[in-house]
Amino acid sequence: MTNPSFHGIIFFIRHGRFFMLESIIIIIGVVLDRLTKLWAAGPLKAVGSIEFLPGVMEFHYVENRGAAFSMLWGQTWVFIVLTLLIVFFLAGYLLKFRKTDGIWMRIAVSSIIAGAIGNLVDRLFYGYVIDFLRPTFINFAVFNIADIFVTCGAVLFIVILLFFNPREKEKA
């Protein structure tokens, strides 16, 4: 007798519902974010700051209870609900448009999901997001790996929509 879950996996693979690329991006993003935040919450928190690239970047431990640039400080439940809605919406987007969108759009959406999940994990377990990357050459917010995934994914998403959206070209 074979394992019924194995047949489910084969069904998903055969019917194009197995998101290998998207899964890899999301897993790598979340794991990289978690590992770096565990380091930040341990050794880095103990010392506060460590110079990384002199004049460019330092590691600086911060517990961010808000959003970007500490907006809506202390409204953790709002961010949890919004993040869950965004992740479900983007996952639905991937399901609906996976076969019509190109690889770069799938990478963009998967990156946003990875970053959103990374910061969601912090909010669920700690009530705040661990930030630790601080540029020293400009006055800018302290951020983390999840923020990088969200930002890069969002920029790529916007560039694709503005300049390379195949659905708009089909209508013309």
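All values reported here derive from a predicted model rather than from experimental measurement.

Chemist: Just to check I follow, could you spell out the pattern of salt bridges for this structure?
Modeler: Oppositely charged side chains can pair when the atoms bearing their charge come close. Under the criterion given, the structure shown has 8 salt bridges. Among the ionic pairs, Asp 33 bridges to Lys 37, the shortest N-O distance being 2.8 Å. Remark: Lys 37 and Asp 33 occur in helix H2 (residues 20–47); sequence separation between them is 4 residues, near one turn of the helix. Each member of the pair Asp 33 and Lys 37 is classed as buried.

Chemist: I would appreciate a short explanation of helix H5 (residues 145–163) in the present structure.
Modeler: Note on helix geometry: an α-helix contains 3.6 residues per turn, so any two residues three or four positions apart are oriented the same way. Its 19 residues give H5 an end-to-end C-alpha distance of 27 Å, which sits within 8% of 27 Å, the value for a rise of 1.5 Å per residue. Turning to H5, its buried residues are Ile 145, Ala 146, Phe 149, Gly 153, Phe 157 and Ile 160. Seen along its axis, H5 keeps its buried residues to an arc of 105 degrees; they face one direction. Among the exposed residues of H5, those pointing more than 90 degrees away from its buried face are Leu 162 and Phe 163.

Chemist: Help me understand the pairing of strand E1 (residues 49–53) in this model?
Modeler: Working note: regular strand, side chains alternate between the two faces of the sheet. Examined bridge by bridge, E1 and strand E2 (residues 57–64) share 4 bridges and lie antiparallel to one another. Each bridged residue has a counterpart across the sheet, and for Ile 50 the counterpart in E2 is Phe 59. Count of turn residues in the E1/E2 antiparallel hairpin: 3 residues, of which Gly 55 carries a positive phi of about 80 degrees.

Chemist: Even after reading the chapter, I still don't get the packing of H2 against H5, so can you show me in this structure?
Modeler: Two quantities define a packed helix pair, namely the angle between the helix axes and the distance between the axes. The geometry of H2 relative to H5 is characterised by a closest axis approach of 8 Å and an angle of 145 degrees between their N-to-C directions. Contacts between H2 and H5 involve Ile 25, Gly 29, Leu 32, Asp 33, Thr 36 and Lys 37 from the former and Ile 145, Ala 146 and Phe 149 from the latter. Tallied by class, residues from the contact of H2 with H5 come to 5 nonpolar, 2 polar and 2 charged.

Chemist: Is there a simple way to think about the sheet that holds E2 in this case?
Modeler: Two pairing modes exist for strands in a sheet, parallel and antiparallel, and in both the strands are linked by backbone hydrogen bonds. The strand order across the open sheet formed by 3 strands is E1-E2-E3, and the pairing between neighbours is antiparallel. The open sheet has two free edges, formed respectively by E1 and strand E3 (129–135), since each of these has just one partner strand. Pairs of neighbouring strands in the sheet enclose a mean axial angle of 35 degrees, with direction left out of account. Relative to E3, E2 is paired through 6 bridges, and the arrangement is antiparallel. Across the sheet, the residue bridging to Asn 64 is Val 129, located in E3.

Chemist: Explain the side chain of Arg 106 here, please?
Modeler: Looking at the secondary structure, you find Arg 106 in helix H4 (residues 103–126). Within the structure, the side chain of Arg 106 is placed 2.7 Å from the side chain of Glu 22, a separation counted as a polar contact. Not counting residues within four places of it along the chain, the set of residues in contact with Arg 106 comprises Leu 21, Glu 22, Leu 94, Arg 98 and Asp 101.

Chemist: Just to check I follow, could you spell out the packing of H2 against H4 for this structure?
Modeler: Their axes nearest at 8 Å, the elements H2 and H4 cross at an angle of 35 degrees. For the element pair H2 and H4, the recorded crossing hand is right-handed. Classifying every residue of the contact of H2 with H4 by side-chain character gives 12 nonpolar, 5 polar and 6 charged.

Chemist: Got a minute to help me understand a nonpolar patch on the surface in this structure?
Modeler: The grouping of Ile 27, Val 31, Leu 35, Leu 38, Leu 124, Phe 125 and Tyr 126 at the surface amounts to a nonpolar patch, some 730 Å² of accessible area in total. Where the nonpolar patch is concerned, the elements lending two or more residues are H2 and H4. With 4 residues, the top contributor of residues to the nonpolar patch is H2. Following the sequence through the fold, Phe 125 ends up in helix H4. With a relative accessible area of 67%, Phe 125 lands in the exposed category.

Rules used throughout
- Residues numbered from 1 in each chain as written.
- Predicted model: local features only at pLDDT ≥ 70, side-chain atom pairs only at ≥ 80, totals over all residues.
- Heavy atoms only, no water.
- Salt bridge = Lys/Arg side-chain N within 4 Å of Asp/Glu carboxyl O.
- Helix = DSSP H or I, 4+ residues; strand = E, 2+ residues; numbered from the N terminus.
- Buried < 20%, exposed > 50% of the residue type's maximum accessible area, 1.4 Å probe, protein only.
- Expected span 1.5 Å × (residues − 1).
- Arc of directions from axis to C-beta.
- Pairing = 2+ DSSP bridges.
- Axes fitted to C-alpha atoms, helices over the stretch in contact; angles between N-to-C directions.
- Contact = heavy atoms within 4.5 Å.
- Nonpolar A, V, L, I, M, F, W, Y, C, P; charged D, E, K, R; others polar.
- Polar contact = N/O pair within 3.5 Å; in protein donor to acceptor, adjacent residues only side chain to side chain.
- Left-handed = near helix turned anticlockwise from the far one by under 90°.
- Patch = residues over 30% accessible without salt bridge, like charges linked within 9 Å, V, L, I, M, F, W, Y side chains within 5 Å.
- Areas by Shrake-Rupley, 256 points an atom, 1.4 Å probe, with all protein chains shown as cover.

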